[in-house]
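Structural characterization, general
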Amino acid sequence: MPNTTSIPAEVFDARELTCETKRPAFIARCCQLPVGRSFIFLNGHDPVPLRQHLDRLYSGCFRWELLAAEANDTIRLLVTKIGEPAGGFGAEAANFSCG
């Protein structure tokens, strides 16, 4: 389902960031996003472990949509916040290892 808000989604370009920098910035962006709002996440690969981490902690709170997989290995994802967790977002979201 595409982003239907009248405000265009912001872009978070993480292609040049290290995992140690990208991870907390991405998680903070997701947690601070208002419900119903989206951002476009540009990354050098499909962030499967990061997606699984957030889905495990906050099941049903975010929707991920692949917008494009480009020839230069750039993945363009639309991340939409569709709900808030019952207990809020806690410090456990930041406990994600890049390894």
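Heads up: the structure comes first, above all this text.
Model, not experiment: these values are computed from the prediction.

About the cut-offs
Residues numbered from 1 in each chain as written. Predicted model: local features only at pLDDT ≥ 70, side-chain atom pairs only at ≥ 80, totals over all residues. Heavy atoms only, no water. Pairing = 2+ DSSP bridges. Helix = DSSP H or I, 4+ residues; strand = E, 2+ residues; numbered from the N terminus. Axes fitted to C-alpha atoms, helices over the stretch in contact; angles between N-to-C directions. Core = buried A, V, L, I, M, F, W, Y, C linked by side-chain atoms within 4.5 Å. Buried < 20%, exposed > 50% of the residue type's maximum accessible area, 1.4 Å probe, protein only. Contact = heavy atoms within 4.5 Å.

1. Brief notes about the sheet that holds strand β1 (residues 10-13)
Taken together, four strands build an open sheet; the order of strands is β1-β2-β4-β3 and the sheet is mixed. With one partner strand each, in any of the chains shown, β1 and β3 (62-69) form the two edges of the open sheet. In this sheet, neighbouring strand axes are inclined to one another by 25° on average, regardless of whether the strands run parallel or antiparallel. Both β3 and strand β4 (residues 75-81) contribute to a ladder of seven bridges, which runs antiparallel. Across the sheet, A69 pairs through a bridge with I75, a residue of β4.

2. Details of the nonpolar core
Considering soluble globular proteins, one finds that nonpolar side chains tend to be buried as a cluster. Judged by nonpolar contacts, the single largest core of 18 residues is most densely connected at F26, F39, F41 and V79. For this core, the secondary structure elements donating two or more residues are α1 (19-32), β2 (38-43), α2 (48-57), β3 and β4. Tallying contributions element by element places α1 first for this core, with four residues. Those residues within four positions of F41 in sequence are excluded, and the remaining contacts are F12, A14, K22, F26, P47, I75, R76, L77 and V79.

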